[in-house]
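Topology and contacts: notes
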Amino acid sequence: MAALSRSEAEERAPSPVTVDLRESGVRALNAELHAPTAAAYEVLNPLGAHSIGAGIAHEIDVHVRGNAGYFCAGMNQRGRVVVDGSAGNGVAENMMSGSVRVRGDASQAAGATGRGGLLVIEGRASMRCGISMKGIDIVVGGDIGAMGAFMAQAGRLVVCGDVGDGLGDSIYEARIYVRGTVGTLGADCVEKEMRDEHRAELAELLAAAGLDHSVDEFRRYGSGRTLYHFTSEHSASY
Amino acid sequence: MKDPSERGLRESATFDRASIAAIQHAARTGVYDIRGWGAKRAVPHFDDLLFLGASMSRYPLEGYRERCDTDVVLGNRHATRPLHLDIPVTIAGMSFGALSAQAKEALGRGASEVGTSTTTGDGGMTDEERGESKTLVYQLLPSRYGMNPDHLRAADAIEVVLGQGAKPGGGGMLLGQKISDRVAEMRTLPPGIDQRSACRHPDWTGPDDLAIKIGELREITDWEKPVYVKVGATRTYYDVKLAVAAGADVVVVDGMQGGTAATQEVFIEHVGIPTLAAIPQAVQALQELGVHRKVQLIVSGGIRTGADVAKAMALGADAVAIGTAALVALGDNDPQYAEEYEAIGSAAGYYDDFQDGRDPAGITTQDPELSARLDPVEGGRRVANYLRVLTMEAQTLARACGKAHVLHLEPEDLVALTIEAAAMARVPLAGTNWIPGQGF
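Reading the values: rules and limits
- Residues numbered from 1 in each chain as written.
- Chains lettered and ligands numbered in written order.
- Predicted model: local features only at pLDDT ≥ 70, side-chain atom pairs only at ≥ 80, totals over all residues.
- Helix = DSSP H or I, 4+ residues; strand = E, 2+ residues; numbered from the N terminus.
- Rg over C-alpha atoms; globule rule 2.2 N^0.38 Å.
- Buried ≥ 20, exposed ≤ 12 C-beta atoms within 10 Å, placed from the backbone.
- Contact = placed C-beta atoms within 7 Å.
- Nonpolar A, V, L, I, M, F, W, Y, C, P; charged D, E, K, R; others polar.
- Domains from an automatic or database assignment.
- Pairing = 2+ DSSP bridges.
- Axes fitted to C-alpha atoms, helices over the stretch in contact; angles between N-to-C directions.
- UniProt positions renumbered as here; feature names shortened; annotations may be inferred.
- Parallel < 35°, antiparallel > 145°, perpendicular 65-115°, else oblique.
- Left-handed = near helix turned anticlockwise from the far one by under 90°.
- Right-handed = clockwise from strand over helix to strand, strands pointing away.

Structural notes on the overall build of chain A
Helix and strand counts for chain A come out as three helices and 11 strands. Secondary structure elements of chain A, listed N to C terminal, follow the sequence α-β-α-β-β-β-β-β-β-β-β-β-α-β. For chain A, the C-alpha radius of gyration of 18 Å lies close to 18 Å, the compact-globule estimate for 238 residues. With the C-alpha coordinates of chain A rotated into their principal frame, the extents come out at 60 × 35 × 30 Å. Taken across its 238 residues, chain A has 55% of its residues classed as buried. Expressed as a percentage of contacts within chain A between residues at least 6 apart in sequence, the contacts between residues at least 24 apart total 25%.

Have a look at this one:
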């Protein structure tokens, strides 16, 4: 089925189409979301099912009323997904564009390898939040666990709470902003100066996430760029 | 000067010249050796097996006349669009980055010409490769460099890579001299840095999670694409069982002779098991689960000839994959570049410095001038020729064993030349009924 433009879809389906996952499974839901006949969807009774909204490639709104399992909104492109609950492992993994908002908490590897778009987790996120991120923006309202932004390549990770150990281990060019405390920094992750351009982009990210913290409460972290070239003199860091 | 051994000097078997040179190199430079290619040590291999051609008890097929089919179907367990290949020899995953864009295009052209598949690598899908590959397998690797759902949907199959035979348990590396602007952009990394590929997937751990991950990939691609799981050969029996349990349509097992673009020498030579030892473990796992021939087995690692193809299939593989051999077919280690190999400290037939980007044949490089030496059309023709020869050789052996399809080859068609090969391949030592390690 050909995709509808947003305006066309809104004309055809002014109110959200409701999909009850107790009646129709994830396969039927995703098949519809991949070739949408409406502009907005409401997903009832997700009951922790996996892969809800994985592979969305259209500019549609999807509201999940409850807790989602693994890989919710995985590889999202252009979709706007809201989870009115918590999300399991790998929410919005490899997201390309669009947005995903989790009203509750997120499990491990939130936003893993994401290449674009905005992931907002209003609660807390577990370990490996932003692992290997490649351009995604992630804003977490609460704390995140250990190994956040591991091998993060590009994009921005904002944490309004505290951060566990090993933050930014082996980080490349991603930028991290933390409002609370940091357990330990990972290999080659260093605190960096907050300049005006950083305050500006942080303010934009907080505004996009709907959070009103002062940017002056945050510190910035990034790569020391000392591990970009292999040498045995760094063997203690490897 | 006379050879030292002729002067009565004795070389240590433990500290031989290669070991001494390695110590000296480590002391001088402070770095370990990183190279391409696969294990160079001698291990039991397909050369240690022989076919029992038909005679009185078996009836052979007429060569060049009677049909011996070679087509295979891959991925019909769950996928609605399984692959139908004309030959059972596929091209293994090799990255754009490790290889030039011309080399990737040539592999696609060659594979397409003979009706088989080629595979992306740790660096994403290039337009050249997709455009020239009729059947393209898209790898999902731990690094996720260039991972794009549009490419997932554009692929013909998906290969979840857990490891490779050259370095099971190891990630990848691409040294800075090969990180061109294009490679850097595809991988979202700064140009020129030494780039590490992760050894673990970022968003799942363990087989139970893998099952959910495969479920996600199927959802994203609407259950159309076959999903492969590739493992480096180590605990193959268990790994294959877990891959099947996780939902794989196809399992790829890569033995320790399988190649790499850049890995530590110590890793290549000391981790993993030979291809010959891995196949029977994989087949046993599939048979015990009742899915042999339903979940297809692709074997790679040291496939060079049609005899290797036929022997792998006789042991139970549904298809094989070639990497190093395909590069050689493209022109790798070609004597025409002998002087240039010498100039960079190597020699034709020995060149394995795929990591350093100075490949005279223009295959394992991102240097524009070197890359331009490889004509993708001519390279594709060479690869196609080689694939045809492999297939015809395998057919020849299958006909000799009385088989009308290469998939009909069976372990009973094989004997081993050495006790080690007999034990690993689980076929009798030639002239005996003895299969070492089978409890008697």
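As for the overall build of chain B
On a plain count of helices and strands, chain B comes out with 15 helices and 16 strands. For chain B, the C-alpha radius of gyration of 22 Å lies close to 22 Å, the compact-globule estimate for 440 residues. The principal-axis extents of the C-alpha atoms in chain B amount to approximately 65 × 60 × 45 Å. The 440 residues of chain B split such that 57% are buried. Pairs at least 24 apart in sequence give 67% of the contacts found in chain B among residues at least 6 apart.

Regarding unusual backbone geometry
One can expect most non-glycine residues to show negative phi and most peptide bonds to be in trans. Residue and element names in this part refer to chain A. At Ser51, a residue that is not glycine, the phi angle is positive and equals roughly 65°. If you trace the backbone, Ser51 turns up in the loop between strand S2 (40-44) and strand S3 (61-65). In the Ramachandran plot, Ala149 falls in the positive-phi region, its phi being about 55° despite a non-glycine side chain. Along the chain, Ala149 falls in the loop between strand S7 (134-140) and strand S8 (154-159). The buried category is assigned to Ala149, around which 34 C-beta atoms lie within 10 Å.

Side note on the interface of chain B and chain A
Taken together, the contact between chain B and chain A spans 21 residues of the former and 36 residues of the latter. When residues of the side of chain B that touches chain A are assigned to their parent elements, the largest contribution, six residues, is made by helix H6 (residues 206-220) of chain B. A per-class count over the side of chain B that touches chain A returns 10 nonpolar, four polar and seven charged.

Some points on the domain arrangement of chain A
All names here are of chain A. By domain assignment, chain A separates into domain 1 (1-118) and domain 2 (124-238). Here domain 1 and domain 2 have C-alpha centroids that lie 26 Å from each other. Residue classes in the side of domain 1 that touches domain 2 are distributed as six nonpolar, seven polar and two charged.

With respect to the sheet that holds strand S1 (residues 17-20) of chain A
Sheet strands pair by backbone hydrogen bonding; their relative direction is either parallel or antiparallel. Residue and element names in this part refer to chain A. Spatially, 11 strands are ordered S1-S2-S3-S4-S5-S6-S7-S8-S9-S11-S10 in an open sheet, and the strand pairing comes out mixed. Two strands in the sheet have a free side with no partner beyond their single neighbour: S1 and strand S10 (189-192). Strand-to-strand twist in this sheet, taken as the mean axis angle between neighbours without regard to direction, amounts to 15°. As judged from the four bridges shared by S3 and strand S4 (residues 80-83), these two strands associate in the parallel manner. Bridge pairing links Asp61 to Arg80 in S4. The strands that helix H3 (residues 196-209) touches are strand S6 (118-121), S7, S8, strand S9 (175-178) and strand S11 (219-223); relative to S8, the one it contacts most, it runs at about 70°.

Examining the UniProt feature "domain: Glutamate synthase" (unreviewed entry) in chain B
According to UniProt, the feature "domain: Glutamate synthase" (unreviewed entry) maps to residues 76-331 and 360-403 of chain B in the numbering used here. Taken end to end, residues 76-331 of chain B has its terminal C-alpha atoms 35 Å apart, with 36% of it in helix and 20% in strand.

A look at the sheet that holds strand S11 (residues 227-232) of chain B
Residue and element names in this part refer to chain B. Strand order in the open sheet made by the eight strands is S5-S15-S14-S12-S11-S8-S7-S6, with parallel pairing throughout. Only two strands of the sheet have a single partner each, and these edge strands are strand S5 (89-91) and strand S6 (117-119). Each neighbouring strand pair of the sheet contributes to a mean axis angle of 30°, computed without reference to strand direction. Of the pairings in the sheet, the one linking S6 to strand S7 (residues 135-140) comprises three bridges and is parallel in character. Paired with Thr119 across the two strands is Val137, which belongs to S7. Lying on the sheet, helix H9 (residues 275-288) is in contact with strand S12 (250-254) and strand S14 (296-300); it crosses S14 at an angle near 170°.

Structural notes on the packing of helix H7 (residues 236-245) of chain B against H9 of chain B
Residues and elements named next belong to chain B. Relative to each other, H7 and H9 sit at 40°, their axes nearing to 8 Å. Accordingly, the angle class assigned to the pair H7 and H9 is oblique. The chirality of how H7 crosses H9 is right-handed. Judged by residue contacts, Thr236, Tyr237, Val240, Lys241 and Val244 of H7 engage Ala278, Gln281, Ala282, Gln284, Ala285 and Leu286 from H9. Residue classes in the contact of H7 with H9 are distributed as seven nonpolar, three polar and one charged.

Some words on the pairing of S7 of chain B
All names here are of chain B. A large share of S7 lies buried, amounting to six of its six residues. The side-chain alternation of S7 yields two buried faces, one formed by Thr135, Val137 and Gln139 and the other by Leu136, Tyr138 and Leu140. Taken together, S6, helix H3 (residues 127-132) and S7 form a β-α-β motif whose crossover is right-handed. With four bridges connecting them, S7 and strand S8 (residues 157-161) associate as parallel partners.

Considering the packing of helix H10 (residues 306-314) of chain B against helix H14 (residues 376-400) of chain B
All names here are of chain B. Relative orientation of the contacting elements H10 and H14 amounts to 55°, with a least axis distance of 7 Å. One way to sum up the angle between H10 and H14 is to call them oblique. Crossing of H10 against H14: the hand is right-handed. Contact with H10, carried on its side by Gly306, Ala307, Val309 and Ala310, involves Val389, Leu390, Thr391, Met392, Glu393, Ala394, Thr396, Leu397 and Ala398 of H14 and no other residues of that element. Looking at side-chain class alone, the contact of H10 with H14 contains nine nonpolar, three polar and one charged residues.

Focus: the environment of Tyr32 of chain B
Residues and elements named next belong to chain B. With respect to the helices, strands and loops of the structure, Tyr32 is situated in the loop between helix H1 (17-29) and strand S1 (34-37). Given 13 C-beta atoms within a 10 Å radius, Tyr32 is considered partly exposed. Separated by 76 residues in sequence, Tyr32 and Gly108 have C-alpha atoms that sit 34 Å apart.

Here we look at the domain arrangement of chain B
Frequently, the measure chosen for interface size is the accessible area that the parts lose on association. Once the domains are mapped, chain B shows domain 1 (4-34) and domain 2 (35-425). One C-alpha centre belongs to domain 1 of chain B, the other to domain 2 of chain B; they are set 33 Å apart.

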